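So the chains spell out like this:
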Amino acid sequence: MMMNKSRGRPRGGSDAKDRILSAAQTSFLQHGYNATTMRAVAAAADVDPALISYHFGSKQGLFAGAMALGISPGQVIARVLAKSRSSRSRHPGAGARWTP
């Protein structure tokens, strides 16, 4: 029996985590949580299954990472409000109410 003597960060390109997340998101959306396996995600991402445990710890962690929003709702609201304010400053009457 041969033991793995390498230490440190598991092998995989710098985009390995992104590939895992993309493959996991696709699998969870297409097959559901129960039918998605970490081995299938690893195969789809072309990484060693141990790399998923390294980055996410468990299937639950992988699911949370794959389904996380890339931006928080608060950030979206702030951007919309900022655009609205800048639009009103360029078009002062744009937000005014029309009364007969």
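Everything discussed here concerns the structure shown above.
Residues numbered from 1 in each chain as written. Predicted model: local features only at pLDDT ≥ 70, side-chain atom pairs only at ≥ 80, totals over all residues. Heavy atoms only, no water.

S.K.: An account of the overall build of the protein chain is requested, with residue identities and associated values reported.
M.R.: Summing up its helical and strand segments, the protein chain has 5 helices and 0 strands in all. Mapped from its N terminus to its C terminus, the protein chain presents α and β elements in the order α-α-α-α-α. (Helix = DSSP H or I, 4+ residues; strand = E, 2+ residues; numbered from the N terminus.)

S.K.: Explain the environment of Ala40 to me, using residue names and the numbers behind them.
M.R.: Relative to the helices and strands, Ala40 is located in helix α2 (residues 38–45). A residue is classified by how much of its surface remains accessible, and Ala40, at 40% relative accessible area, is partly exposed. Between the C-alpha atom of Ala40 and that of Ser27, which follows or precedes it by 13 residues, the distance is 8.4 Å. (Buried < 20%, exposed > 50% of the residue type's maximum accessible area, 1.4 Å probe, protein only.)

S.K.: Quick one: what's the story with the side chain of Lys59, residue by residue and with numbers?
M.R.: Its location among the elements puts Lys59 in helix α4 (residues 59–67). Although buried, Lys59 forms no salt bridge, and the nearest oppositely charged side chain, Asp48, lies 17 Å from it. Look past the residues within four positions of Lys59 in its chain and what remains in contact with it is Phe28, Tyr33, Asn34, Thr36 and Met38. (Lys, Arg positive; Asp, Glu negative; His and termini not counted. Salt bridge = Lys/Arg side-chain N within 4 Å of Asp/Glu carboxyl O. Contact = heavy atoms within 4.5 Å.)

S.K.: I'd like to hear about the pattern of salt bridges, residue by residue, with values.
M.R.: One pass over the full model with this rule turns up 1 salt bridge. Residue Asp15 is joined to Arg19 by a salt bridge in which the shortest nitrogen-to-oxygen separation is 2.6 Å. Looking at Asp15, the relative accessible area reads 37%, which means it is partly exposed.

S.K.: If you had to explain unusual backbone geometry to someone new, which residues and values would you point to?
M.R.: The phi dihedral of Asp46 is positive, around 60 degrees, even though this residue is not glycine. As for its position among the elements, Asp46 is in the loop between α2 and α3 (49–56). Residue Asp46 is classed as exposed on the basis of its relative accessible area of 64%.

S.K.: Account for helix α1 (residues 16–31), with residues named and values stated.
M.R.: Its 16 residues give α1 an end-to-end C-alpha distance of 22 Å, which sits within 8% of 22 Å, the value for a rise of 1.5 Å per residue. On its buried face, α1 is in contact with α2, α3 and α4. A positive phi of about 90 degrees marks Gly32, the residue just after α1. (Expected span 1.5 Å × (residues − 1).)

S.K.: Can you tell me about the side chain of Ser27, naming the residues and giving the values?
M.R.: Checked against the element boundaries, Ser27 lands in helix α1. By relative accessible area, which is 13% here, Ser27 ends up buried. In this structure the side chain of Ser27 is engaged in a polar contact, spanning 3.0 Å, whose partner is the side chain of Thr36. Among all residues touching Ser27, those that are not within four sequence positions of it are Gly32, Thr36 and Val41. (Polar contact = N/O pair within 3.5 Å; in protein donor to acceptor, adjacent residues only side chain to side chain.)

S.K.: Residue-level account of the environment of Leu29, with values.
M.R.: Secondary-structure assignment places Leu29 in helix α1. In this structure Leu29 comes out as exposed when scored by relative accessible area, which is 62%. For Leu29 and Met67, which are 38 residues apart along the polypeptide, the C-alpha to C-alpha distance reads 9.2 Å.

Distances and angles like these do not, on their own, reveal function.
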